[in-house]
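# Fold and geometry: a report
Each chain is listed here by its residues.
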Amino acid sequence: MIDKEIFHMQLSNEQADNCNKQFLYYSDKVKSSPYDAEAVNGLGECYYFGYGTAKNTDEGLKLIETAAKLGSAKANFNLANIFARETNYEKAVSLYETAADLGYTDSYFELGNLYRNLDSERDSDKALHYYKLAADHNNPNAQLVFAKLYSKGEIVPQNSEFAHKYFEKSAKGGNEEAQFQTGFDYENGVGTEPDLSKAVYWYEQASSKRHKEASYRLAVLNLRSEDKNTKENAVKLLEAAADNGNSDAMYKLGELYKYGSQYVPKDLAKSKYYFDKGSNLDNGNCTYELALIDKDIELMKKAERQGDINASVYLGKIEEGAQHYENAYRYYSKAYEKNSPDAAYRIGKMFELGRGLNFDIIKALELYSFAASNGNVDSMREIGICYAKGKGISADINQAIAWLSKAADNADAEAALFLSQLLMETGSEANINEAEIILTKIKENNISEIKYKAAYYLALLYTKSERYADAFWLWSELAENGNRNAQFNLAMFYCFGLGANVNYEKAKEWWRKSAENGHKAAHKYYNILTKNKLEELLFKKEST
């Protein structure tokens, strides 16, 4: 059925503002010129809609019918709308065609709607024909519909370039939806070359007409600016979009206030306020963030029901950690069906480890490959490790280094650590130097336990390179932090004067601590030194 909102039987804005004057004008005009078709139609509209006079649909219809017989294109169009609303589509089609023949080109658009949407009149070829006529006569609504048909590949073959052309035509005609879509095309390079300045322009046009999405997209683009005033204006745009019911804007505001910045103060109460508003509008992203803040598992389940991918993965991890692998797989699968790279990685890991699924390293690699190609850094690391160890794929040190480097470039410290070990094993001076740079960076820029692993491998690198003074300080740092291997090695350094003066008491002390921490060989070395059997230690040093 046709949407009643498409009927165009209303006066222009100027006429609507002067209803009384218009009624008097048409009344006088009809009295003096009873065969003036447009005046008769105008007076009919006043009666039919109650413009400037009491509403009288019977009198209005009678006048409009008279005007149509007198040859008024607008009157024929009005009658067609009336018959369409009364579902007399055969009569409506005839009147629209008459109006079009008389030059009222908006009829083409209505004919297109009839032939596209009504079961009794459906004819795709005719619909396309009339939409094209209306679009070529600069009807913005027809240009918008025509663009959508080509954008979606409905009735016609999909053609993004053609769609963009008509979106922009409609946008220039003032259609706010087309203005938004034209901005989107320019932002994302759909059917045209990307042009952010044009995207901003069209978003601004649509936003000025209170288009929800346009204000949001404009704000997002403005947030990328380096200018503080532009960023502050972006926040105002987001607030306007949020007030207009845009839940994505609510989510963005929640994020901004959650973390704070130079132009938005950190305010957890405001953050929760916007997340809560968005959650109530069924925005899963907002519910997910709210669940994280409140540590509320029921909210997380709500976010998952609302379709939030991150919530599905989050719940999957909880179930996997509890060894409820069937539930974990179910959650991950729901996210993977929506092309979540994180979910693909988690399922891949389940296949690799045989957690609730039959071990299948080939399937795991397929999932890692999908996830990595979509930006999942964990999968990049896993692919690199598989190449390094020849797991499910032929060992290839160059491929291993390439994949681990990708992960390391994306701030994956574990990948960087593994990469440094591979580089060290090659024995190449250039690779060893690169490994040193990587390990130093991890050690200096991480606060997690992995920095101690980096320090350990860096100490090994220095030891193998006979840079004993550098190695000594690292072994000392690690030994103080309770690393039994570092304690063992530090004892060796004291015993044989590597990077420090010979000090048997300190050597014994560190071997004792290492032994107490479970190092199997440390107890033997401690006993040897305690019994002053240095020649045996020297032999062990040489053999080591």
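One structure accompanies this document, and this report is about it. (Residues numbered from 1 in each chain as written. Predicted model: local features only at pLDDT ≥ 70, side-chain atom pairs only at ≥ 80, totals over all residues. Heavy atoms only, no water.)

A count of helices and strands for the protein chain gives 32 helices and zero strands. Here the C-alpha radius of gyration of the protein chain, 37 Å, is well above what a compact globule of 544 residues would show, namely 24 Å. Seen along its three principal axes, the alpha-carbon backbone of the protein chain occupies a region of about 130 × 50 × 45 Å. Taken over 544 residues, the protein chain has a buried fraction of 46%. Summed over all atoms, the accessible surface of the protein chain reaches about 28100 Å², with 45% contributed by carbon and sulfur. Here the protein chain contributes 67 positively and 79 negatively charged side chains, and the mean placements of these two sets differ by 5 Å. (Helix = DSSP H or I, 4+ residues; strand = E, 2+ residues; numbered from the N terminus. Rg over C-alpha atoms; globule rule 2.2 N^0.38 Å. Buried < 20%, exposed > 50% of the residue type's maximum accessible area, 1.4 Å probe, protein only. Areas by Shrake-Rupley, 256 points an atom, 1.4 Å probe, with all protein chains shown as cover. Lys, Arg positive; Asp, Glu negative; His and termini not counted. Charge placed at Lys NZ, Arg CZ, Asp CG, Glu CD.)

Attention now moves to the pattern of salt bridges. All chains considered together, the criterion is met by 28 salt bridges. Notably, a salt bridge pairs K148 with E177, separated by 2.6 Å at the nearest N-O pair. With K148 in helix α9 (residues 140-152) and E177 in helix α11 (residues 176-188), this residue pair connects regions lying 29 residues apart in the sequence. Here K334 makes a salt bridge to E304, at a shortest N to O gap of 2.8 Å. Of this pair, K334 sits in helix α20 (residues 325-336) while E304 sits in helix α18 (residues 297-305); the two residues are 30 residues apart in sequence, bridging distant segments of the chain. Judged by relative accessible area, which is 8%, E304 ranks as buried. Several salt bridges share partner residues, and in doing so they unite K349, E352, D378, R381, E382, K391, D412 and E414 into one network. (Salt bridge = Lys/Arg side-chain N within 4 Å of Asp/Glu carboxyl O.)

Taken N-terminus to C-terminus, the directions of helix α24 (residues 397-409) and helix α25 (residues 413-426) make an angle of 150°; their axes are 8 Å apart at the nearest point. For the crossing formed where α24 meets α25, the hand is left-handed. Along its contact with α24, which presents I397, A400, I401, L404, S405, A407 and A408, the element α25 presents A415, A416, F418, L419, L422 and L423. Of the residues in the contact of α24 with α25, the class split is 12 nonpolar, one polar and no charged. (Axes fitted to C-alpha atoms, helices over the stretch in contact; angles between N-to-C directions. Left-handed = near helix turned anticlockwise from the far one by under 90°. Contact = heavy atoms within 4.5 Å. Nonpolar A, V, L, I, M, F, W, Y, C, P; charged D, E, K, R; others polar.)

Among the nonpolar cores identified, the biggest contains 79 residues, and Y96, Y131, F146, Y203, L238 and L253 are the most heavily contacted of them. Setting aside chain neighbours within four positions, we find Y203 in contact with F180, G183, F184, E187, A214, R217, L218 and L221. Core analysis: the next-biggest nonpolar cluster, separate from the first, contains 72 residues, A364, M380, L461 and W475 among them. (Core = buried A, V, L, I, M, F, W, Y, C linked by side-chain atoms within 4.5 Å.)

To continue, consider the environment of K209. Note on placement: K209 falls in the loop between α12 (196-207) and α13 (212-223). Along the backbone, K209 and D470 are 261 residues apart, and their C-alpha atoms lie at a distance of 66 Å. In this structure K209 touches G174, N175, E176 and Q179, once residues within four positions along its chain are discounted.

Running from amino to carboxyl end, helix α30 (residues 504-516) crosses helix α31 (residues 520-530) at an angle of 150°, the nearest separation of the two axes being 8 Å. By the criterion of interaxial angle, the relationship of α30 to α31 is roughly antiparallel. Considering the relative orientation of α30 and α31, their crossing is left-handed. Between α30 and α31, the contacting residues are Y504, A507, K508, W511, R512, S514 and A515 on the first element and A522, H523, Y525, Y526, L529 and T530 on the second. Looking at the contact of α30 with α31 residue by residue, the classes come out as eight nonpolar, three polar and two charged. (Parallel < 35°, antiparallel > 145°, perpendicular 65-115°, else oblique.)

On to a nonpolar patch on the surface, then. On the surface, a nonpolar cluster with roughly 240 Å² of combined accessible area is contributed by I297, Y314 and I318. Checked against the element boundaries, I297 lands in helix α18. (Patch = residues over 30% accessible without salt bridge, like charges linked within 9 Å, V, L, I, M, F, W, Y side chains within 5 Å.)

With that settled, consider the packing of aromatic side chains. Taken as a whole and assessed by the stated rule, the structure comprises 30 aromatic pairs. Considering the side-chain rings of F162 and Y166, the 5.2 Å spacing of their centres and the 50° angle between planes classify their relative orientation as tilted. Of this pair, F162 and Y166 are both found in helix α10 (residues 160-172), four residues apart, which corresponds to roughly one turn of the helix. Using a relative accessible area of 2% as the deciding quantity, one classes Y166 as buried. Arranged with centres 5.3 Å apart and planes meeting at 85°, the rings of F472 and Y494 form a pair that is edge-to-face. Placement of the pair is F472 in helix α28 (residues 468-480) and Y494 in helix α29 (residues 484-496), with a sequence separation of 22 residues. Using a relative accessible area of 5% as the deciding quantity, one classes F472 as buried. Clustering of aromatic rings is evident, with ring pairs tying together F146, Y150, F162 and Y166. Residue placement shows K169 over the ring face of Y166; its charged tip is 4.7 Å from the ring centre. Lying over the aromatic face of W510, K513 brings its terminal NZ or CZ to 4.4 Å of the ring centre. (Phe/Tyr/Trp six-rings, centres within 6.5 Å; stacked < 30°, edge-to-face > 60°. Lys NZ or Arg CZ within 6 Å of the ring centre and 35° of its normal.)

For E289, the position within the fold is in helix α17 (residues 284-294). Sequence-distant contacts of E289, defined by excluding residues within four places in its chain, comprise Y251, K258 and F275.

What follows deals with α24. In this model α24 runs 18 Å from its N-terminal to its C-terminal C-alpha over 13 residues, within 8% of the 18 Å that 1.5 Å per residue would give. For α24, the complete set of buried residues consists of A400, I401, W403, L404 and A407. Among the structural elements, α22 (361-373), α23 (377-389) and α25 are those in contact with the buried residues of α24. Sitting at the amino-terminal end of α24 is D396, which places a side-chain oxygen 3.0 Å from the backbone nitrogen of N398. Just downstream of α24, A411 is the residue with a positive phi angle, here 70°. (Expected span 1.5 Å × (residues − 1). Polar contact = N/O pair within 3.5 Å; in protein donor to acceptor, adjacent residues only side chain to side chain.)

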